[in-house]
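# Tertiary structure, described
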Amino acid sequence: AQSVTQLDSQVPVFEEAPVELRCNYSSSVSVYLFWYVQYPNQGLQLLLKYLSGSTLVKGINGFEAEFNKSQTSFHLRKPSVHISDTAEYFCAVSAGSGTYKYIFGTGTRLKVLA
Amino acid sequence: ETGVTQSPTHLIKTRGQQVTLRCSSQSGHNTVSWYQQALGQGPQFIFQYYREEENGRGNFPPRFSGLQFPNYSSELNVNALELDDSALYLCASSPDDRQETQYFGPGTRLLVL
């Protein structure tokens, strides 16, 4: 079985500062990893995903994440945040090919301060 | 290409009632998954349908049921509503050959009084 831990429930950061949102997972099989963003009163939008290959994954809106198999982590980073990045961010894992469900973390609320 | 749509956007029911939520998958997608997102929590997998057959189920009781239609639209039915069923219900669709990526709709917010 897989599980996901998002270590920070809230992360405040000043505009134009860098940010890292942490995600750790556990799984006995190879996994796919995802980051989704949820703006208030909206559904989930895919930011980026790791399926295989390069461990550094680039996504939309300037976000990137690095898959670290030895540390079972998939932390999300952005070098310079904007007010518009204020949202809830969810890390999710699914087992490798042939499995159907996502396991989500509890989310990290990113609040960008002016 | 249209995205995933859900209806209604909001719904208020009372305990013991039944509810049906609807989802229209993204064009060309024949797999749909349903998730429940309680306030302040991450989404939890309810079940998935692939080509009109249930294809996996999470830890939800049988009063949560679903259907997928030939046009790949989908319904989530919940019987005997309980207060704890109050949540945002998300539908996600994925292409047949790329199930690793799911595309989410805006959700239906259900309040049970």
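Please refer to the structure higher up on the page.
My aim in this report is to walk through the structure given alongside it, one point at a time. No experiment lies behind these values; they were computed from the predicted model shown. (Residues numbered from 1 in each chain as written. Chains lettered and ligands numbered in written order. Predicted model: local features only at pLDDT ≥ 70, side-chain atom pairs only at ≥ 80, totals over all residues. Heavy atoms only, no water.)

All names here are of chain B. Together, Ile12, Leu111 and Leu113 give the surface a local cluster of nonpolar side chains, amounting to about 300 Å² of exposed area. Counting through the fold element by element, Leu111 comes out in strand β11 (residues 108-112). By relative accessible area, which is 39% here, Leu111 ends up partly exposed. (Patch = residues over 30% accessible without salt bridge, like charges linked within 9 Å, V, L, I, M, F, W, Y side chains within 5 Å. Areas by Shrake-Rupley, 256 points an atom, 1.4 Å probe, with all protein chains shown as cover. Salt bridge = Lys/Arg side-chain N within 4 Å of Asp/Glu carboxyl O. Helix = DSSP H or I, 4+ residues; strand = E, 2+ residues; numbered from the N terminus. Buried < 20%, exposed > 50% of the residue type's maximum accessible area, 1.4 Å probe, protein only.)

Attention now moves to the state of the cysteines. For the coordinates displayed, the defined rule picks out 2 disulfides over all chains. Sulfur-sulfur distance for the disulfide between A:Cys23 and A:Cys91 comes to 2.0 Å. On the sign convention where negative means left-handed, the S-S torsion of about -65° between A:Cys23 and A:Cys91 marks this disulfide as left-handed. With A:Cys23 in the loop between β3 (19-21) and β4 (24-26) and A:Cys91 in strand β10 (residues 87-95), the pair connects residues that are 68 residues apart, well separated along the chain. The residue that forms a disulfide with B:Cys23 is B:Cys91, at a sulfur-sulfur distance of 1.8 Å. Because the torsion about its S-S bond is -55°, the bridge between B:Cys23 and B:Cys91 counts as left-handed. You can see B:Cys23 sitting in strand β3 (residues 19-24) and its partner B:Cys91 sitting in strand β9 (residues 87-95), a full 68 residues away along the chain. Residue classification places B:Cys23 among the buried positions, given a relative accessible area of 4%. Note on B:Cys91: relative accessible area 0%, which makes it buried. (Disulfide = S-S within 2.5 Å.)

Residue and element names in this part refer to chain B. Inspection of the secondary structure puts Asn71 in the loop between β7 (64-68) and β8 (74-78). According to the relative accessible area criterion, Asn71 is exposed, its value standing at 59%. Along the sequence, Asn71 and Asp84 sit 13 residues apart, while their C-alpha atoms lie 32 Å from each other. Engagement of the side chain of Asn71 in a polar contact is seen with the side chain of Ser73, the distance being 2.7 Å. (Polar contact = N/O pair within 3.5 Å; in protein donor to acceptor, adjacent residues only side chain to side chain.)

A few words on the side chain of B:Asp85. Residues and elements named next belong to chain B. Examined against the element boundaries, Asp85 turns out to sit in the loop between β8 and β9. Side-chain polar atoms of Asp85 contact the backbone nitrogen of Glu82, separated by 2.8 Å. Look past the residues within four positions of Asp85 in its chain and what remains in contact with it is Gln36, Arg63, Phe64, Val78, Ala80, Leu110 and Val112. (Contact = heavy atoms within 4.5 Å.)

All names here are of chain A. Of all 6 residues in strand β9 (residues 73-78), 5 are buried, a share of seventy percent or more. Judged from the 3 bridges that link them, β3 and β9 form a sheet pairing that is antiparallel. Paired with Leu21 across the strands is Leu76, a residue of β9. Taken together, the 5 bridges between strand β8 (residues 64-68) and β9 define a ladder with antiparallel strand orientation. Across the sheet, Glu66 pairs through a bridge with His75, a residue of β9. The turn joining β8 and β9, which pair antiparallel and follow one another in sequence, is formed by 4 residues; a positive phi near 45° is taken by Thr72. (Pairing = 2+ DSSP bridges.)

This next bit is on the packing of aromatic side chains. Scanning the model with the defined rule gives 16 aromatic pairs over all chains in all. With 6.1 Å between their ring centres and 55° between their planes, A:Tyr36 and A:Phe104 make a pair best called tilted. Linking A:Tyr36 in strand β5 (residues 31-38) with A:Phe104 in strand β11 (residues 103-104), this pair joins segments that are 68 residues apart in sequence. Considering the side-chain rings of B:Tyr35 and B:Phe45, the 5.7 Å spacing of their centres and the 65° angle between planes classify their relative orientation as edge-to-face. On the criterion of sequence distance, the pair formed by B:Tyr35 in strand β4 (residues 29-37) and B:Phe45 in strand β5 (residues 44-50) is long-range, its members being 10 residues apart. In this structure, B:Tyr35 and B:Phe45 share a single accessibility class: buried. (Phe/Tyr/Trp six-rings, centres within 6.5 Å; stacked < 30°, edge-to-face > 60°.)

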